[in-house]
Amino acid sequence: MERIAELAALITRHAPESGMIGTAVQRLSLIRANRPTEPVPSVYEASLCLIAQGSKRVSIGDHSLVYDASRYLLVSVDLPLVGHVIDASSAEPYLCCKIDLDQAALADLIIATSGHLSRPADLPALAVYPGDPDLVDAACRLVKLLDQPENIPTLAPLIEREILYRLLTGPHGPMLRHMAVANSHLNQVSRAIAKIRGGFHERLRIDDIAAAAGMSPSSLHEHFKTVTRMTPLEYQKQLRLQEARRLMLAEGASAGTAGFAVGYDSPSQFSREYRRLFGAPPRRDIERLQMATDYMAVI
């Protein structure tokens, strides 16, 4: 608990306002919310999320998880999730540090440790685990580097490597090891996700996605849905709608312009699918978000 309190103090100092901020440590982000937030769909990249104060719920399909200072979240592949802070106040804000997983460093560490590659036994790509004091200690040292920017280039990679080692030797180690194996289903789905994300505004061709993943179309459909709880087409649709939302909110684009920019030819189809995902038509949704000052805290 002492280290969690220290992590909370560090995040409070470096993230004084609500929102998610990038830091001078490349893969480290800090998140703060001064009140509970509305559910917001967003793609979570492969990452470790450590909450120092408050709690949050994340959902994919009909599957939901809640995590807090006693439990951390591990996302093994890029997943479209719906997240919202459920416990936060101005006196005790939600405080979290997010550490993106360096895939190259992870693969290098797996080779270096040369551990036995056991079958993943249906370990989930999205999971919550009991708090680990060693992970919290390493996270504190990583955030502390923000006070010593001259040490970041040398020490940040070492601390990140330690964090990856802790994850590899924890209960989720088999899943992370299989993620790095070229012919594993998790790795293949990860390649399919990268292909979709790289051209989400284009017409989706399943054969092209399957080829990039090194799978047959039928195998891609089966394993993609097992990992993400949605089909490749549904995944692409979420990416398109989330990007359209960002264009309208951050760049002031109209609904028609945003829909066309992400690949929609029909304004009515765009509006219909947007409302189905976000619960309101584009204009009303954006007006609501502009009034919600803590919106950026949950993406």
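Structure: above.
Residues numbered from 1 in each chain as written. Predicted model: local features only at pLDDT ≥ 70, side-chain atom pairs only at ≥ 80, totals over all residues. Heavy atoms only, no water.

*Asks:* Explain the environment of Arg272 here, please?
*Replies:* With respect to the helices, strands and loops of the structure, Arg272 is situated in helix H11 (residues 267-278). Sequence spacing of Arg272 and Glu234 is 38 residues, and the spatial spacing of their C-alpha atoms is 14 Å. (Helix = DSSP H or I, 4+ residues; strand = E, 2+ residues; numbered from the N terminus.)

*Asks:* Please clarify how the sheet that holds strand E7 (residues 71-75) should be interpreted in this entry.
*Replies:* Neighbouring strands of a sheet are bound in pairs by backbone hydrogen bonds; such pairs are parallel or else antiparallel. Spatially, E1-E2-E9-E4-E7-E10 is the arrangement adopted by the six strands of the open sheet, whose pairing is antiparallel. The two strands at the open ends of the sheet, each matched to only one other strand, are strand E1 (19-22) and strand E10 (126-130). Taking the axes of each pair of neighbouring strands and ignoring which way they run, one obtains an average angle of 20° across the sheet. Relative to E7, strand E4 (residues 47-53) runs antiparallel, the two sharing three bridges. Bridge assignment links Cys49 to a residue of E7, and that residue is Leu73. (Pairing = 2+ DSSP bridges. Axes fitted to C-alpha atoms, helices over the stretch in contact; angles between N-to-C directions.)

*Asks:* Where do I start with unusual backbone geometry in this structure?
*Replies:* Across residues other than glycine, the phi torsion is negative in most instances, and most of the peptide bonds are trans. If you check the backbone angles, Arg229 has positive phi at about 65° while not being a glycine. Among the secondary structure elements, Arg229 is positioned in the loop between helix H8 (217-228) and helix H9 (232-251). The class of Arg229 is partly exposed, set by a relative accessible area of 40%. (Buried < 20%, exposed > 50% of the residue type's maximum accessible area, 1.4 Å probe, protein only.)

*Asks:* Sorry, what's going on with the pattern of salt bridges here?
*Replies:* Proximity of charged atoms lets side chains of opposite charge pair with each other. On inspection of all chains with the given rule, the structure shows 21 salt bridges. With a closest N to O distance of 3.1 Å, Arg161 and Asp108 form a salt bridge. With a gap of 53 residues between them, Arg161 in helix H4 (residues 152-168) and Asp108 in helix H2 (residues 103-113) connect regions that are remote in the sequence. In this structure Arg161 comes out as partly exposed when scored by relative accessible area, which is 32%. Accessibility expressed as a relative area gives 41% for Asp108, which makes it partly exposed. When salt bridges with common partners are traced through the structure, they connect Arg3, Glu6, Asp134, Asp137, Arg141, Lys144, Glu162 and Arg166 into a single cluster. (Salt bridge = Lys/Arg side-chain N within 4 Å of Asp/Glu carboxyl O.)

*Asks:* How should I be thinking about the packing of aromatic side chains in this particular structure?
*Replies:* Geometry of an aromatic ring pair is reported as the spacing of the ring centres plus the angle between the planes. Taken as a whole, this structure holds five aromatic pairs when the rule is applied. Between the aromatic rings of Phe224 and Tyr235, the centroid separation amounts to 5.5 Å while the plane-to-plane angle is 85°, which identifies the pairing as edge-to-face. Separated by eleven residues along the polypeptide, Phe224 in helix H8 and Tyr235 in helix H9 bring together distant segments of the chain. A relative accessible area of 0% means that Phe224 is categorised as buried. Taking relative accessible area as the criterion, Tyr235 reaches 0% and is therefore assigned buried. An aromatic cluster is built from Tyr264, Phe270, Tyr274 and Phe278, whose rings are joined through pairwise contacts. The side chain of Arg240 reaches across the aromatic face of Tyr264, ending 5.8 Å from its centre. (Phe/Tyr/Trp six-rings, centres within 6.5 Å; stacked < 30°, edge-to-face > 60°. Lys NZ or Arg CZ within 6 Å of the ring centre and 35° of its normal.)

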